[in-house]
Amino acid sequence: MCTEFFMPMIPPTMTHQEKEVRIVYVDGKPKPQFYDPAELQAVRSKLTAHLAKHIPEIKYTGAIRVIVKWLFPIKGKHKDGEYKITRPDTHNLNKMLFDIMTDLGYWTDDALVASEIIEKFWAKHPGIYIVIEDL
């Protein structure tokens, strides 16, 4: 089985790593409580809305390879197709993406991803291109 699609959008640059922390007191002792700030919640909602359109009919249950190409709008003197070597880091971009794909039922667990190829580019047509294939 293979799933392939492109989601035209300006990819988010805020990542899962940007949670905020509040200190709450339990029995008089400080305890950190992590939460998603409003901007991170908006990113999650945006990705969820786009990904929901492409949920495979059959959930992946075995080893898979996922290819993700993050295509950011061209800035400055960059050229279409040029690798983007500035933040955000590719592994941070994919964390929230994979979590949402798991929640939506693309696969039983993102631990099934035995191979992943993550790239980021400057592009005339920004968005996120995804391929999922059985291994």
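See the structure above.
On a predicted model such as this, the values are computed, not experimentally measured, just so you know.

Turning our attention to the pattern of salt bridges. Within the structure shown, the criterion is met by four salt bridges. Note that Arg65 is salt-bridged to Glu133, the shortest N-O span being 3.1 Å. With a gap of 68 residues between them, Arg65 in strand S4 (residues 64–73) and Glu133 in strand S6 (residues 127–134) connect regions that are remote in the sequence. We classify Arg65 as partly exposed; its relative accessible area is 26%. According to the relative accessible area criterion, Glu133 is partly exposed, its value standing at 22%. A salt bridge links Lys95 to Asp99, with the shortest nitrogen-to-oxygen separation between them at 3.2 Å. Here Lys95 pairs with Asp99, and both are found in helix H2 (residues 90–104), just four residues apart, close to one helical turn. You can call Lys95 partly exposed: its relative accessible area is 34%. On the basis of relative accessible area, Asp99 is assigned to the buried category, the value being 17%.

Before going further, it helps to spend a moment on the packing of aromatic side chains. Enumeration over the complete set of coordinates arrives at four aromatic pairs. Ring geometry for Phe5 versus Tyr106: centroids 6.3 Å apart, planes at 40°, classification tilted. On the criterion of sequence distance, the pair formed by Phe5 in strand S1 (residues 2–8) and Tyr106 in the loop between H2 and strand S5 (113–123) is long-range, its members being 101 residues apart. Overall, Phe5 belongs to the buried group, its relative accessible area being 6%. Here the aromatic rings of Tyr106 and Trp107 are separated by 6.2 Å at their centres, their planes lie at 55°, and the arrangement is tilted.

Analysis parameters
- Residues numbered from 1 in each chain as written.
- Predicted model: local features only at pLDDT ≥ 70, side-chain atom pairs only at ≥ 80, totals over all residues.
- Heavy atoms only, no water.
- Salt bridge = Lys/Arg side-chain N within 4 Å of Asp/Glu carboxyl O.
- Helix = DSSP H or I, 4+ residues; strand = E, 2+ residues; numbered from the N terminus.
- Buried < 20%, exposed > 50% of the residue type's maximum accessible area, 1.4 Å probe, protein only.
- Phe/Tyr/Trp six-rings, centres within 6.5 Å; stacked < 30°, edge-to-face > 60°.

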